[in-house]
Amino acid sequence: MTSLDPRTRSLLRQADKIAAAGKRSAAVELYEKILDENPNADTAWSGLASVLADPVKKEESFEKALALNPENGDAIRGLATLRGEPIPAEWVIQEEVEEEEVGEETAVSETHEHEPVTNDDDLLLACYRHPNRETGLRCYNCQKPICMDCTRKTPVGYLCPDCYREKEDIFFNAKNRDYIVAPIIAFPLSLIAGFLALQVGSFFGIFIFFLAAAVGGGIGGLIGRLAKRAVGYRRGRYLPHTVSAMVILGFLIPSLPAVLLGSLGAILVPGILLFFATGAAFYAMR
C-alpha cells in the first residue's frame with residue numbers, strides 16, 4: 001500500500017464518508033481531486049471506482065488500484081464482482097470479518113442510544129460561498145465548509161479564499177503613500193512612451209510592426225522597475241494594477257486625437273506596444 005501523508009488520509013476519509021452517504025458526484029469530485037495530487041494512492045482509485053457509474057471507467061480504476069497495490073481488497077472484490085467472477089476465498093473471508101466488525105460497532109452504538117454523539121465531519125454541509133453545493137471539505141484554518149472551486153491548496157491543507165487572502169497579506173508591505181508615488185512615476189513615463197510610440201508608428205508604419213512586441217515589453221518592464229524602485233521595492237496587493245492602469249492611460253491620451261479623427265491605422269503600433277507594455281509593467285511590480 002502506498003504511504004500517504006496525513007492530509008491525503010484526511011481527504012480520503014472525507015471522500016469515503018461522502019460516498020457512504022450516497023453523494024456519488026461529490027465523492028467522484030473529491031476522489032479525483034485527491035488523485036490529481038497523489039496519483040499513486042491506490043485506496044483513492046478503488047474508492048473512485050466504487051462510485052463511478054461507467055463500467056469501463058470503473059474497471060480501469062480498479063485495475064489502477066491493483067497495479068499500485070495487489071493486496072487492495074476493495075479492488076479485488078470490486079473487480080471480481082464487476083466481471084462476474086468468483087471472489088477469491090481469502091478475500092471473501094476478510095469481507096465477512098469486516099462486515100462482522102461493522103455489525104458489532106452498530107450493536108454497540110445501538111446500546112448507547114441515550115448518549116448520541118454527532119461528529120461534524122460526518123455531515124455534508126453547504127459551501128459558504130456557494131449555498132447550492134454540498135461538500136464535506138472544510139478550511140483547515142477557520143473550519144468553514146468549502147467546495148472544490150473554493151479550495152486553495154497549501155502545503156498543510158486546503159484554505160478558503162478568505163483565509164488564503166489573509167495569509168497572503170503578510171507578503172504585502174506597501175504603505176499608503178506608495179499608491180501615490182508609483183503612479184507619479186509611472187504616468188509621466190507612460191505618457192512620454194505613448195507619445196513617442198504614436199510618432200514612430202506614424203513615421204515608419206508597418207516596418208516597426210514586427211518590433212512592437214519586444215519594444216513594448218521592454219518599455220513596460222522599465223516603467224515597472226522604476227516605479228518599484230521608487231516605492232522601495234515594497235509589495236502591494238494592488239500596486240501592479242495601479243501601475244498598469246497608468247501605463248494604459250499614458251498610452252491612450254496621446255492617441256485620442258487620432259481616434260477622434262478616425263485614423264485608426266496610426267494607432268496600430270501604439271496599440272500593440274500598449275498590450276505588451278501593460279503586461280510587462282504588471283509583472284515587474286509583483
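Residues numbered from 1 in each chain as written. Predicted model: local features only at pLDDT ≥ 70, side-chain atom pairs only at ≥ 80, totals over all residues. Heavy atoms only, no water.

Peer 1: How would you sum up the packing of helix α1 (residues 6-20) against helix α2 (residues 24-37)? Please name residues and give values.
Peer 2: Two numbers describe how α1 lies on α2: the axes approach to 8 Å, and their chain directions differ by 160 degrees. One element, α1, and the other, α2, form an angle in the roughly antiparallel class. In the packing of α1 onto α2, the handedness of the crossing is left-handed. Note on element contacts: α2 touches α1 through Ala26, Ala27, Leu30, Tyr31, Ile34 and Glu37, opposite Arg7, Thr8, Leu11, Leu12, Gln14, Ala15, Asp16, Ile18 and Ala19. (Axes fitted to C-alpha atoms, helices over the stretch in contact; angles between N-to-C directions. Helix = DSSP H or I, 4+ residues; strand = E, 2+ residues; numbered from the N terminus. Parallel < 35°, antiparallel > 145°, perpendicular 65-115°, else oblique. Left-handed = near helix turned anticlockwise from the far one by under 90°. Contact = heavy atoms within 4.5 Å.)

Peer 1: Before we move on, could you go through the pattern of salt bridges and cite the residues and values that matter?
Peer 2: For the coordinates displayed, the defined rule picks out six salt bridges. The partner of arginine 77 in a salt bridge is aspartate 74, and the shortest N-O contact between them spans 3.1 Å. Separated by three residues within a single helix, arginine 77 and aspartate 74 lie in helix α5 (residues 73-83), roughly one turn from each other. The class of aspartate 74 is partly exposed, set by a relative accessible area of 48%. Here aspartate 149 makes a salt bridge to arginine 133, at a shortest N to O gap of 2.5 Å. (Salt bridge = Lys/Arg side-chain N within 4 Å of Asp/Glu carboxyl O. Buried < 20%, exposed > 50% of the residue type's maximum accessible area, 1.4 Å probe, protein only.)

Peer 1: Before we move on, could you go through the confidence of the model for the protein chain and cite the residues and values that matter?
Peer 2: Per-residue confidence for the protein chain averages 79 on the pLDDT scale, and 81% of its residues sit at or above 70. Of all secondary-structure elements in the protein chain, the lowest mean pLDDT belongs to helix α6 (residues 89-110), at 49, while helix α3 (residues 42-51) reaches the highest, 90. Per-residue pLDDT stays below 50 along residues 95-122; that stretch engages in nine contacts with residues further than four places along the chain or on separate chains. (pLDDT = per-residue confidence, 0-100.)

Peer 1: Describe in detail the environment of alanine 212, supporting the description with residues and values.
Peer 2: Residue placement: alanine 212 occurs in helix α9 (residues 212-230). In sequence terms alanine 212 and proline 270 are 58 residues apart; their C-alpha atoms lie 8.0 Å from each other. Excluding its chain neighbours within four sequence positions, the residues that come into contact with alanine 212 are Val269, Ile272 and Leu273.

Peer 1: Help me get a handle on α9, residues and values and all.
Peer 2: In an α-helix, one full turn covers 3.6 residues, which means residues spaced three or four apart are oriented alike. Its 19 residues give α9 an end-to-end C-alpha distance of 27 Å, which sits within 8% of 27 Å, the value for a rise of 1.5 Å per residue. If you check which residues of α9 are buried, you get Ala212, Gly216, Gly220, Gly221, Ile223, Gly224, Ala227 and Lys228. One face of α9 carries all of its buried residues, which in axial projection span an arc of 165 degrees. Exposed residues lying more than 90 degrees from the buried face of α9 are Ala214 and Arg229. A positive backbone phi angle near 75 degrees is found at glycine 232, which sits one or two residues after α9. (Expected span 1.5 Å × (residues − 1). Arc of directions from axis to C-beta.)

Peer 1: If you had to explain a nonpolar patch on the surface to someone new, which residues and values would you point to?
Peer 2: Taken together, Leu189, Leu222 and Leu226 make up a surface patch of nonpolar side chains, about 220 Å² in accessible area. Summarising the element assignment, leucine 222 is placed in helix α9. (Patch = residues over 30% accessible without salt bridge, like charges linked within 9 Å, V, L, I, M, F, W, Y side chains within 5 Å. Areas by Shrake-Rupley, 256 points an atom, 1.4 Å probe, with all protein chains shown as cover.)

Peer 1: Describe the environment of alanine 26, with residues and values.
Peer 2: Within the secondary structure layout, alanine 26 lies in helix α2. Classification of alanine 26 by relative accessible area gives buried; the value is 19%. Taking C-alpha positions, alanine 26 is 7.5 Å from glutamate 134, a pair spaced 108 residues apart along the chain.

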